[in-house]
Amino acid sequence: MAKAPNSALFTDQYELTMLQAALHSGAAHRRSVFEAFARRLPAGRRYGVVAGTGRLLEELAAFRFEDEQLGFLSDQRIVDDSTLAWLADFHFTGSISGYAEGEAYFPHSPILTVESTFAEACILETLILSILNHDSAIASAASRMSGAAAGRPCIEMGSRRTHEEAAVAAARAAMIGGFTSSSNLEAGRRYGIPTVGTAAHSFTLLHDSERAAFEAQVASFGRGTSLLVDTYDVEQGVRTAVEVAGAELGAVRLDSGDLVAQARWVRHLLDELGNSGTRIVVTSDLDEFAIGLLASAPVDSYGVGTSLVTGSGAPTAGMVYKLVSRQGDDGTFVPVAKAAKNKASVGGLKHALRRLDPKGVAQAEVVGIGISPANDGNDRPLVEQFVKDGVVLDGWTGPDAVVRAADRHARSVAELPGASRRLQRGEPVIPTEYEEAAS
């Protein structure tokens, strides 16, 4: 796996100015608890999907203030010399816990909890939110799309529609959300994601004829390749593809027109020509709604780009990062919370479980404030530990973590009520409930 670039300045300036002021007041070293959560889901969504934690843990290892970063901060007079000295020695020594990647989440789910000094937790805010908000938005959209596909494979192919690094992150998040492969080779290299791809229209247009293009592709990649058949005339393209590759033709790809009607008559034509084993792949600005409409069509897989990497209308998960508890002067922890209208938070260290009925169907997200919620026997605890005393624990980063997160997603979504799979706008599919210690 490639070493992450130095991420120390993936930071908003006010984090460092708060750090400086807290160092001067003496409060910077107070033990504190910060929590990342979403006050609400994007409008109409029934659930969200956590993604990005593994990337965050990789970035945390590279979050160091080296000479280049310190020089910039000094030259720009952003912080004073004593703060620069503190940053030069910085390494995270706290603990991080939260929902595992792939887990469904709901409003006020304690998605990530950072326990450390105020100083250490404060300067991680932007890094945490930028990764979790982006990746969870993509994974949530991917989950809706893979759900609408009802078992048919979905291919991530949105690299050209987003920033080059966001493209790699999006491919990773899409796999967590139920996609099966990506067109992005860097995602394949970093995270072991299966990669696919054959040819674009330009390859056909390069050659003197469609037949010549197909012959070249089949000669290079074998008869099991996928041929793009809509550069000129779809019917003729299908016939030519079959003539060139024969009954072993792997797939034809459709990228324009009325995909439902087109898929039906292409399937009929392929069967008529003796190619009942040739698959049909559709692309062309798909989203979960288009995939849902294609459910009745004889489509074998979907390629999704723009809508996926932009969160299908919800490009951010809307998560925030708030101080929820801190040590007082006497050493005991004091719950703290923001009370501003429409932006209130709930103080205190949280624990969470998913309440399940006797059949294993989720009924509620139960969040304990300062306590672990009561478990009636088949409920599922949701919080895992990722970092202990500054050390990232095994199993949460790298290619294997993506595979485990995809499995977690499949199991988590499977236990949600059936309404979670509806694409119509609605409220969160289960409520969030709080439990507090008896006073």
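Residues numbered from 1 in each chain as written. Predicted model: local features only at pLDDT ≥ 70, side-chain atom pairs only at ≥ 80, totals over all residues. Heavy atoms only, no water.

### Looking at helix α7 (residues 164-176)
Then step 1. Taking 1.5 Å of rise per residue, 13 residues should cover 18 Å, and α7 covers 19 Å from first to last C-alpha, within 8% of that figure.
Then step 2. Counted residue by residue, α7 has eleven buried out of 13 residues, so it is predominantly covered.
Then step 3. When α7 is considered as a whole, its buried residues turn out to be Ala166, Ala167, Val168, Ala169, Ala170, Ala171, Arg172, Ala173, Ala174, Met175 and Ile176.
Then step 4. A positive backbone phi angle near 115° is found at Gly178, which sits one or two residues after α7. (Helix = DSSP H or I, 4+ residues; strand = E, 2+ residues; numbered from the N terminus. Expected span 1.5 Å × (residues − 1). Buried < 20%, exposed > 50% of the residue type's maximum accessible area, 1.4 Å probe, protein only.)

### Quick look at the nonpolar core
Then step 1. Leu254, Val282, Tyr302 and Leu308 are the most contacted members of the largest nonpolar core, which totals 63 residues.
Then step 2. Other than its neighbours up to four places away in sequence, Leu308 contacts Ile138, Ala141, Ala142, Met145, Glu156, Ala174 and Phe179.
Then step 3. If you look at the next biggest cluster of nonpolar residues, it comprises 49 residues, including Leu60, Leu124, Met319 and Val367. (Core = buried A, V, L, I, M, F, W, Y, C linked by side-chain atoms within 4.5 Å. Contact = heavy atoms within 4.5 Å.)

### Some details on the sheet that holds strand β11 (residues 301-304)
Then step 1. The six strands lie next to each other as β7-β6-β11-β10-β9-β8, forming an open sheet whose pairing is parallel. Strands with a single pairing partner mark the edges of an open sheet, and in this sheet they are β7 (181-182) and β8 (226-228).
Then step 2. Pairing between β8 and strand β9 (residues 251-254): three bridges, direction parallel. Among the inter-strand pairings, Ser226 is bridged to a residue of β9, identified as Ala251. (Pairing = 2+ DSSP bridges.)

### Digging into the packing of aromatic side chains
Then step 1. For the coordinates displayed, the defined rule picks out seven aromatic pairs.
Then step 2. Residues Phe34 and Tyr321 carry aromatic rings whose centres are separated by 4.9 Å and whose planes lie at 20° to one another, so their mutual orientation is stacked. Of the two residues, Phe34 is situated in strand β1 (residues 31-38) and Tyr321 in strand β12 (residues 319-327); the sequence distance between them amounts to 287 residues.
Then step 3. Tyr321 sits in the buried class, given a relative accessible area of 4%.
Then step 4. Between the aromatic rings of Phe386 and Trp396, the centroid separation amounts to 4.9 Å while the plane-to-plane angle is 80°, which identifies the pairing as edge-to-face. (Phe/Tyr/Trp six-rings, centres within 6.5 Å; stacked < 30°, edge-to-face > 60°.)

### A closer look at the side chain of Arg46
Then step 1. With respect to the secondary-structure elements, Arg46 resides in the loop between β1 and β2 (48-49).
Then step 2. With no salt bridge to any partner, buried Arg46 finds its closest opposite charge in Glu427, at an N-O distance of 8.1 Å.
Then step 3. Polar side-chain contacts of Arg46 include one of 3.2 Å to the backbone oxygen of Gln424.
Then step 4. Here Arg425 takes part through its backbone oxygen, which lies 3.5 Å from a polar atom of the side chain of Arg46.
Then step 5. With residues up to four places along the chain from it excluded, the contact list for Arg46 reads Leu41, Phe106, Ala419, Ser420, Arg422, Gln424, Arg425, Gly426, Glu427, Pro428 and Val429. (Lys, Arg positive; Asp, Glu negative; His and termini not counted. Salt bridge = Lys/Arg side-chain N within 4 Å of Asp/Glu carboxyl O. Polar contact = N/O pair within 3.5 Å; in protein donor to acceptor, adjacent residues only side chain to side chain.)

### Digging into helix α6 (residues 125-149)
Then step 1. With 25 residues, α6 ought to run about 36 Å at 1.5 Å a step, and its terminal C-alpha atoms sit 36 Å apart, in line with that.
Then step 2. Within α6, 23 of the 25 residues are buried, which leaves it mostly tucked inside the rest of the structure.
Then step 3. Directly beyond the C-terminal end of α6, a positive phi value near 50° is found at Ala150.

### Focus: the environment of Asp67
Then step 1. Here Asp67 is to be found in helix α3 (residues 67-75).
Then step 2. Between the alpha carbons of Asp67 and Ala317 there is a distance of 34 Å; along the sequence they are 250 residues apart.

### Let's talk about unusual backbone geometry
Then step 1. One non-glycine residue with positive phi stands out, namely His108, at about 70°.
Then step 2. As for its position among the elements, His108 is in the loop between β4 (104-105) and β5 (112-117).
Then step 3. Of the residues examined, His108 reaches a relative accessible area of 22% and is grouped as partly exposed.
Then step 4. Positive phi is not limited to glycine here, since Ser312 has a value of about 50°.
Then step 5. Relative to the helices and strands, Ser312 is located in the loop between α14 (306-309) and β12.

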